[in-house]
Amino acid sequence: MVYCARLFTRIIIYAIIACMNNKELTILGASLYVCEGTKVRRDYRGENRYIYSIELTNSDPNIIKSFSLFLRKIIKPDWKRVRGQLFLYPDLNEEKLKLVWSKASGVPLIQFQKSICLKQKISKFKPNPLGTFKIRYACKEDFLKLQNMIGIMWKDAGLV
């Protein structure tokens, strides 16, 4: 019964996201990035260098799928430059998880970066059975485009 309810909820969410117009999808994607995305950071390999990369890390395939849709429809990156990276624990099947995350993100396996195997630190917490996935797209122009979308979103909400 619980499984049916979860499945029904997932179907409803997919239907809502699939029917979103560009403005709604922009709000969804920008909001996901504000909450879960990696912000601009200093690149210590050189003086006054920064990494302008659009990155989102999450353990929920639905979040990754939604952000991937936002990237494809709104940001419109060269998809060959989009990368995926898996974070997992030693007892998880890396190859199976790569297939799961590739399907959710739309990132081909050939574009996955080396997986990171984490050590379980606290035994009382059960690690996520799907691991965690990062979707990454490095392009300064599109990073700044996303920052502008976020600024407009805050302004439209009356917060700036």
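Residues numbered from 1 in each chain as written. Predicted model: local features only at pLDDT ≥ 70, side-chain atom pairs only at ≥ 80, totals over all residues. Heavy atoms only, no water.

A short note on the nonpolar core
For step 1, the next point in the chain: Core analysis: the largest hydrophobic core is formed by 30 residues, its most contacted members being Ile54, Phe67, Phe70, Ile75, Trp101, Ile135 and Leu146.
For step 2, the next point in the chain: For this core, the elements supplying multiple residues, two or more each, are helix H2 (22-36), strand E4 (53-58), helix H3 (61-75), strand E5 (82-88), helix H4 (94-105), strand E7 (132-138) and helix H5 (140-156).
For step 3, the next point in the chain: Considering every element that reaches this core, the biggest residue donor is H3, with 6 residues.
For step 4, the next point in the chain: Not counting chain neighbours up to four residues away, the residues in contact with isoleucine 75 comprise Ile54, Phe70, Tyr137, Asp142, Lys145, Leu146 and Met149. (Core = buried A, V, L, I, M, F, W, Y, C linked by side-chain atoms within 4.5 Å. Buried < 20%, exposed > 50% of the residue type's maximum accessible area, 1.4 Å probe, protein only. Helix = DSSP H or I, 4+ residues; strand = E, 2+ residues; numbered from the N terminus. Contact = heavy atoms within 4.5 Å.)

A closer look at the environment of asparagine 21
For step 1, the next point in the chain: Tracing the sequence through the fold places asparagine 21 in the loop between helix H1 (2-18) and H2.
For step 2, the next point in the chain: Of note is the side chain of asparagine 21, whose polar atom sits 2.8 Å from the backbone nitrogen of glutamate 24. (Polar contact = N/O pair within 3.5 Å; in protein donor to acceptor, adjacent residues only side chain to side chain.)

Observations regarding the environment of asparagine 58
For step 1, the next point in the chain: Within the secondary structure, asparagine 58 sits in strand E4.
For step 2, the next point in the chain: With a relative accessible area of 14%, asparagine 58 lands in the buried category.
For step 3, the next point in the chain: Remark: the alpha-carbon pair of asparagine 58 and glycine 37, spanning 21 residues in sequence, is separated by 9.1 Å.
For step 4, the next point in the chain: Ignoring sequence-local partners within four residues, the contact set of asparagine 58 consists of Glu36, Ile63, Ile64, Trp101, Thr132 and Phe133.

Digging into the side chain of serine 115
For step 1, the next point in the chain: Note on placement: serine 115 falls in the loop between H4 and strand E6 (116-117).
For step 2, the next point in the chain: Under the relative-accessibility criterion, serine 115 is labelled buried at 12%.
For step 3, the next point in the chain: Within polar-contact distance, the side chain of serine 115 engages the side chain of glutamate 94 at 2.7 Å.
For step 4, the next point in the chain: For serine 115, the residues in contact, after removing those within four places along its chain, are Leu86, Leu88, Glu94 and Lys98.

Thoughts on the sheet that holds E4
For step 1, the next point in the chain: Here we have 5 strands laid out as an open sheet, ordered E1-E4-E7-E5-E6, and mixed in their pairing. The open sheet is flanked by strand E1 (37-38) and E6, the only strands paired with a single partner.
For step 2, the next point in the chain: Alignment of E5 against E6, held across 2 bridges, turns out to be parallel. Each residue of the ladder has a partner; that of phenylalanine 87, found in E6, is isoleucine 116.
For step 3, the next point in the chain: Each of E4 and E7 touches H3; the most contacted strand, E4, lies at about 160° to it. (Pairing = 2+ DSSP bridges. Axes fitted to C-alpha atoms, helices over the stretch in contact; angles between N-to-C directions.)

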